[in-house]
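Coordinate analysis (summary)
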Amino acid sequence: MGGVAALWPFVSQMNPDASTIAAGAPIEVDLAPIAEGQDIKVFWRGKPIYISHRTKKQIDEARSVPVSSLPDPQTDQARVKEGHDQWLVVIGICTHLGCIPIAHEGNYDGFFCPCHGSQYDSSGRIRQGPAPANLPVPPYQFVSDSKIQIG
Amino acid sequence: MSGPSDYQPTNSALKWIERRLPILGLMHSSFVAYPTPRNLNYWWTFGAILSMMLGVQILTGVILAMHYTPEATMAFKSVESIVRDVNYGWLLRNIHASGASMFFLAVYIHMFRGLYYGSYKEPREILWILGVIIYLLMMATGFMGYVLPWGQMSFWGATVITNLFSAVPYFGESIVTLLWGGYSVGNPTLNRFFSLHYLLPFVIAGVVVLHIWALHVAGQNNPAGVEAKTEKDTVPFTPYATIKDAFGVSCFMLFFAWFIFYMPNYLGDADNYIPANPGVTPAHIVPEWYYLPFYAILRSIPNKLAGVTAMFSAILVLAFLPWLDTAKTKSSKYRPLAKQFFWIFVIVCVLLGWLGGKPPEGIYVIAGRVLTFCYFAYFLILLPLLSRIEKPRPAPNSIAADVLAKTGSRSTPMVSTAIAFALAGALFAGSAQNARAADHEEVPPSQKWSFSGPFGKFDRGSLQRGLKVYKEVCSACHGLSYIAFRNLADAGGPGYSVAQAAAFASDYKIKDGPNDQGEMFERPGRPADYFPSPFPNEQAARVANGGGLPPDLSLITKARSYERGFPKFVFDFFTQFQEQGPNYVDAILQGYEEKPPAGVSIPEGAYYNKYFPGHAIKMPKPLSDGQVTFDDGSPATVAQYAKDVTTFLMWTAEPHMEERKRLGMQVFVFLIIFTGLMYFTKKRVWADAH
């Protein structure tokens, strides 16, 4: 019992330290400058976050596909905030082995990972390749119509 | 370690020590009197070679750690400072970096040797398992060491490998965060990897002691696979094994020196000369060649968790080998089927290594699955089956009988196996480069360079003209931040005097400060200053260049490469071809075409370049005829400019290249004489043992 307790500090010290945690606090991003069809990459907790201003075509594509046919079934509606359907916010880290996918590439008008060839659609859902899951959606909310807070 | 020693020192001081700590007796019984089978072949010298490599890696590593800075913003630069500014730093770094590859090459030969001659069988199971533990520790150490230079491959290799642990159900994410010490690979990760990279070699050394202990308890296995019974079967370790090992080690050092002095980047990846950038993933993330077979196994399985499990199992299965192969005959020499399957297994491993360097698509995926199956089938199906159905040929009664029986033709199998291993090594080595073959780009033509080959030197005139081209053209957008003005007067450089370098420096305005008023100010450059970069930061550079980032040119000729393809890269090893970088830079500078060919569209703000990957380059055609005038009457043509500036940039990438090649020649002359002496001494010593 005492041995395990004595071990804990030696394991726990490996976790992110206080300054790293503090630097990982929520950030605000202004969406106004992002034109339709454009996307930007911001960094939060050292991770690239893609914010896409999707076109009507991209949204329709994402919503017309039967959910049950997807490797990691999830509706597009579940991955965006209601009323802000044109905005897709995802963590740009391939769920396979952590590479950064390239936006606006691949066969699904979404993301393409150059490392092992995973392809994500315009909703950031995995469609093809070795990645097991969809690109994760980070915790975020709209603080106003043109501003979001990530974290 | 082989029972109580009868060693009795005659010197009274040594007697005094021996009575209190019998270390001399231990040394004597382990490394002098220790009986070693008299029929050992040269594959048995790899134990000594590995001990030497461990010593070399620890020595060079400890010294490098004295100069290296384990901090994310400074690590890359500190490695460059070691190579450029520390006395013989380039040598130490080359030894340590290619030493890692040599270490793995030797360990693979050592492992295959054990596999072929059944060295894992009773009573050497623990010896073998300790070996597997050493191998695992080596893999961890090698991986963490590769992260330390903090180049693009370091960073992304670390990201991919640590992410393997995210496959663990439920706890995956927490484990990865724990490993990183942050939310992504970053400074805390680098720090702990450095700490562990320093620690683990000593742990390896400890397990090596256990490994040798176990070896000396069980006694060495031998090519006949029969245990030593009488004194006729063995010879004392010294001088017989000592001199044979010394000869083996010096041959290996010749091979090693070829990499250190002539091909230091042959086994490396050009991308690792680009500083780590968390925002850009290299097109192909390829681990070092010695991990490629396992990387291929990982990728051949479509399910992430299963892939990771398969990869680790591929190593762990080795530990169970003594219980998978239960055949009584140890040596495959007397097992007609096992022998053939052994070689098939070697080929499977080599092919897996080759696949590990290929992009995971199409036929490669299918081939990877087939070979992964073969790999596991060898251990889990074939070996257990063979031990039941195979009829071995009779093994000799004793080692002495084995020695007597083959005093005639015994070099033939050695030669064929040596060739097989050479081919295997070459294939492995090349596969790393193969990985970059995805795009079918135009290959830059090979130019004639004054600095190529074992005696290559920089053409001073070309370096001076190249500096002029850089100063008048390239420096408008590209930095040269690792080069100081003082370097212009260095030996093996453009050949300026110290006064000329100082005068050159004073033409530049350098930002300094703060002064006593607390303000920054500008002053003329001094020899110790570095070439100033044209933009204050990356963002400013991108804005000024239409979103493109003009790369710093200090390392550009080492940071760019292209696919050579099989079998060219094999010949490259012998011809010392390593001018991919200069060929590429030269080709880019001359590869502009006014109109892209039909069917190729170039986006707004980009230009067509025949040799640029993807062809759309943001840099407008930088050079045109007559733009720079030379005082020495060299033609003012783009071809000449390109050649000169590339030569100059090769020098900026490796200022000590001439010294490296000069020292290499001296080392080779010495090593060849030394190896020859060792060979003849060995012959003399062994003359009466055969």
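Keep in mind it's a predicted model, so treat the numbers as computed, not measured.

Conventions we followed
- Residues numbered from 1 in each chain as written.
- Chains lettered and ligands numbered in written order.
- Predicted model: local features only at pLDDT ≥ 70, side-chain atom pairs only at ≥ 80, totals over all residues.
- Heavy atoms only, no water.
- Helix = DSSP H or I, 4+ residues; strand = E, 2+ residues; numbered from the N terminus.
- Buried < 20%, exposed > 50% of the residue type's maximum accessible area, 1.4 Å probe, protein only.
- Rg over C-alpha atoms; globule rule 2.2 N^0.38 Å.
- Contact = heavy atoms within 4.5 Å.
- Areas by Shrake-Rupley, 256 points an atom, 1.4 Å probe, with all protein chains shown as cover.
- Lys, Arg positive; Asp, Glu negative; His and termini not counted.
- Charge placed at Lys NZ, Arg CZ, Asp CG, Glu CD.
- Pairing = 2+ DSSP bridges.
- Axes fitted to C-alpha atoms, helices over the stretch in contact; angles between N-to-C directions.
- Phe/Tyr/Trp six-rings, centres within 6.5 Å; stacked < 30°, edge-to-face > 60°.
- Lys NZ or Arg CZ within 6 Å of the ring centre and 35° of its normal.
- Left-handed = near helix turned anticlockwise from the far one by under 90°.
- Nonpolar A, V, L, I, M, F, W, Y, C, P; charged D, E, K, R; others polar.
- Buried area = accessible area lost by both parts, 1.4 Å probe.
- Salt bridge = Lys/Arg side-chain N within 4 Å of Asp/Glu carboxyl O.
- Expected span 1.5 Å × (residues − 1).
- Disulfide = S-S within 2.5 Å.
- pLDDT = per-residue confidence, 0-100.
- Core = buried A, V, L, I, M, F, W, Y, C linked by side-chain atoms within 4.5 Å.

The secondary structure content of chain A amounts to three helices and 10 strands. Secondary structure elements of chain A, listed N to C terminal, follow the sequence α-α-β-β-β-α-β-β-β-β-β-β-β. Viewed in the frame of its principal axes, chain A has a C-alpha envelope of about 60 × 35 × 25 Å. Relative to its full complement of 151 residues, chain A shows a buried share of 41%.

Right, let's get into the overall build of chain B. The helix and strand tally for chain B stands at 25 helices and six strands. Computed over the C-alpha atoms, the radius of gyration of chain B is 29 Å, within 12% of the 26 Å expected from 2.2 N^0.38 for a compact globule of 690 residues. Over its C-alpha atoms, taken along the principal directions, chain B stretches across nearly 85 × 65 × 50 Å. Split into buried and exposed, the 690 residues of chain B put 53% on the buried side. The contacts of chain B with a sequence gap of at least 6 include a subset with a gap of at least 24, amounting to 77%. Element-wise, carbon and sulfur atoms account for 66% of the exposed surface of chain B, whose accessible area totals about 31,600 Å². Taking the average location of the 56 positive side-chain charges in chain B and that of its 48 negative ones, the two points are 11 Å from each other.

Glancing now at the sheet that holds strand β1 (residues 27-30) of chain A. Residues and elements named next belong to chain A. Pairing in this open sheet of three strands is antiparallel, and the strands run β1-β10-β9 from one edge to the other. The sheet is open, and its two edges are formed by β1 and β9 (140-144), each paired on a single side. Across the sheet, the mean angle from the axis of one strand to that of its neighbour is 30°, orientation sign disregarded. Here four bridges tie β9 to strand β10 (residues 147-150), and the two strands are oriented antiparallel to one another. Residue Gln-141 lies in a different strand from β10, and its bridge partner there is Gln-149.

Bringing the packing of aromatic side chains into the picture now. All names here are of chain B. Throughout the structure, instances matching the rule amount to 65 aromatic pairs over all chains. A centroid spacing of 6.3 Å and a plane angle of 55° characterise the contact between Tyr-116 and Trp-343, whose relative ring orientation is tilted. Taken as a pair, Tyr-116 in helix α5 (residues 89-116) and Trp-343 in helix α14 (residues 336-356) lie far apart in primary sequence, 227 residues in all. Here Trp-343 falls in the partly exposed class, since its relative accessible area comes to 23%. Among the aromatic residues, those joined into a cluster by ring pairs are Trp-43, Phe-46, Phe-252, Phe-255, Trp-258, Phe-259, Tyr-262, Tyr-266, Phe-573, Phe-574 and Phe-668. Looking at Arg-564, its charged tip hangs above the ring of Phe-577, at a distance of 3.8 Å from the centre.

As a further point, take the packing of helix α11 (residues 292-300) of chain B against helix α12 (residues 304-316) of chain B. Residue and element names in this part refer to chain B. Where α11 meets α12, the closest approach of the two axes is 7 Å, and the angle between their N-to-C directions is 145°. In the crossing of α11 with α12, the sense of the turn from one axis to the other is right-handed. In this structure, α11 contributes Phe-294, Ile-297 and Leu-298 to the contact, and α12 contributes Gly-307, Val-308, Ala-310, Met-311, Ala-314 and Ile-315. Of the residues assigned to the contact of α11 with α12, the class counts are eight nonpolar, one polar and no charged.

Residue and element names in this part refer to chain A. As paired strands, strand β2 (residues 39-44) and strand β3 (residues 47-53) are joined by six bridges and run antiparallel to one another. Across the sheet, the residue bridging to Asp-39 is Ser-52, located in β3. What sits between the antiparallel neighbours β2 and β3 is a turn of two residues, in which Arg-45 has the positive phi angle 55°.

Taken together, the 24 residues of chain A in the interface contact 26 residues of chain B. Roughly 2,000 Å² of surface becomes buried between chain A and chain B when both sides are summed, with 62% attributable to carbon and sulfur atoms. Summed over the three residues of chain A that lose the most area to chain B, namely A:Met14, A:Leu97 and A:His116, the buried surface amounts to 30% of that side. Connecting chain A to chain B are zero salt bridges.

Quick look at helix α6 (residues 125-147) of chain B now. Under the 1.5 Å per step criterion, the end-to-end length of α6(B) is 34 Å for 23 residues, consistent within 8% with the ideal 33 Å. Counting buried positions along α6(B) yields 17 of 23 residues, so the element is predominantly enclosed.

This part covers the environment of B:Ala642. All names here are of chain B. On the secondary structure map, Ala-642 appears in helix α24 (residues 638-653). For Ala-642, a relative accessible area of 0% puts it in the buried group. When residues no more than four places from it in sequence are discounted, the contact partners of Ala-642 are Asp-586, Leu-589, Gln-590 and Leu-623.

Right, let's talk about the sheet that holds strand β6 (residues 110-112) of chain A for a bit. One open sheet holds the four strands; their spatial order is β5-β6-β7-β8 (chain A), and the pairing between them is antiparallel. Every other strand in the sheet has two partners, leaving β5 (102-105) and β8 (126-128) of chain A as the edge strands with one partner each.

All names here are of chain A. In this fold, Ile-150 is placed in strand β10. What makes Ile-150 buried here is its relative accessible area of 0%. On a C-alpha basis, the gap between Ile-150 and Ala-25 in space is 8.7 Å, while along the polypeptide they are 125 residues apart. In contact with Ile-150, not counting residues within four places along its chain, are Pro-26, Ile-27, Val-29, Val-42, Trp-44, Ile-49, Ile-51, Pro-138, Pro-139 and Tyr-140.

Attention shifts here to the packing of helix α4 (residues 75-84) of chain B against α5(B). All names here are of chain B. Relative to each other, α4 and α5 sit at 120°, their axes nearing to 5 Å. Counted together, Val-79, Ile-82 and Val-83 of α4 and Gly-89, Trp-90 and Arg-93 of α5 form the full contact between these two elements. A per-class count over the contact of α4 with α5 returns four nonpolar, one polar and one charged.

Another aspect to go through is the pattern of salt bridges. Per the stated rule, a full pass over the model turns up 27 salt bridges over all chains. For A:Arg127, the salt bridge identified is with A:Asp121, shortest N-O distance 2.8 Å. Judged by its relative accessible area of 1%, A:Asp121 is buried. Between B:Asp644 and B:Arg465 there is a salt bridge whose closest N-O contact spans 2.7 Å. Of this pair, B:Asp644 sits in helix α24 while B:Arg465 is found in helix α18 (residues 460-472), placing the two residues 179 residues apart along the sequence. The exposure class assigned to B:Asp644 is buried, which follows from its relative accessible area of 1%. Salt bridges here are not isolated pairs; linked through shared partners, they connect A:Arg54, A:Arg63, A:Asp76 and A:Asp85.

This part is about the state of the cysteines. Overall, the coordinates contain zero disulfides over all chains when judged by the stated rule. Here A:Cys113 stays free of any disulfide, with the sulfur of A:Cys94 as its closest cysteine sulfur at 3.8 Å. A:Cys113 gets classed as buried once you look at its relative accessible area, which sits at 2%. No disulfide involves B:Cys474; its sulfur sits 9.2 Å from the nearest other cysteine sulfur, which is in B:Cys477.

On to the side chain of B:Asp269. Structurally, the position occupied by B:Asp269 is in the loop between α10 (237-262) and α11. You can call B:Asp269 buried: its relative accessible area is 10%.

Looking at chain B as a whole, its pLDDT mean stands at 90, while 94% of the residues score no less than 70. Counting contacts from residues 433-439 of chain B, a segment whose pLDDT is below 50, to residues more than four positions away or on other chains yields 18 contacts.

Here B:Gln152 is to be found in helix α7 (residues 152-163). Those residues in contact with B:Gln152, other than ones at most four positions away along the chain, are B:Asp271, B:Asn272, B:Ile274, B:Pro275, B:Ala276, B:Asn277, B:Val280 and B:Pro282.

All names here are of chain B. Phe-104, Tyr-108, Leu-115, Tyr-135, Phe-294, Tyr-375 and Phe-379 are the most contacted members of the largest nonpolar core, which has 140 residues in total. Top contributing element to this core by residue count: α5, with 17 residues. In contact with Tyr-375, not counting residues within four places along its chain, are Phe-294, Ile-297, Ala-314, Val-317, Phe-345, Val-348, Cys-349 and Leu-352. Ranked by size, the runner-up nonpolar core spans 43 residues in total, among them Val-469, Val-585, Val-645 and Met-650.

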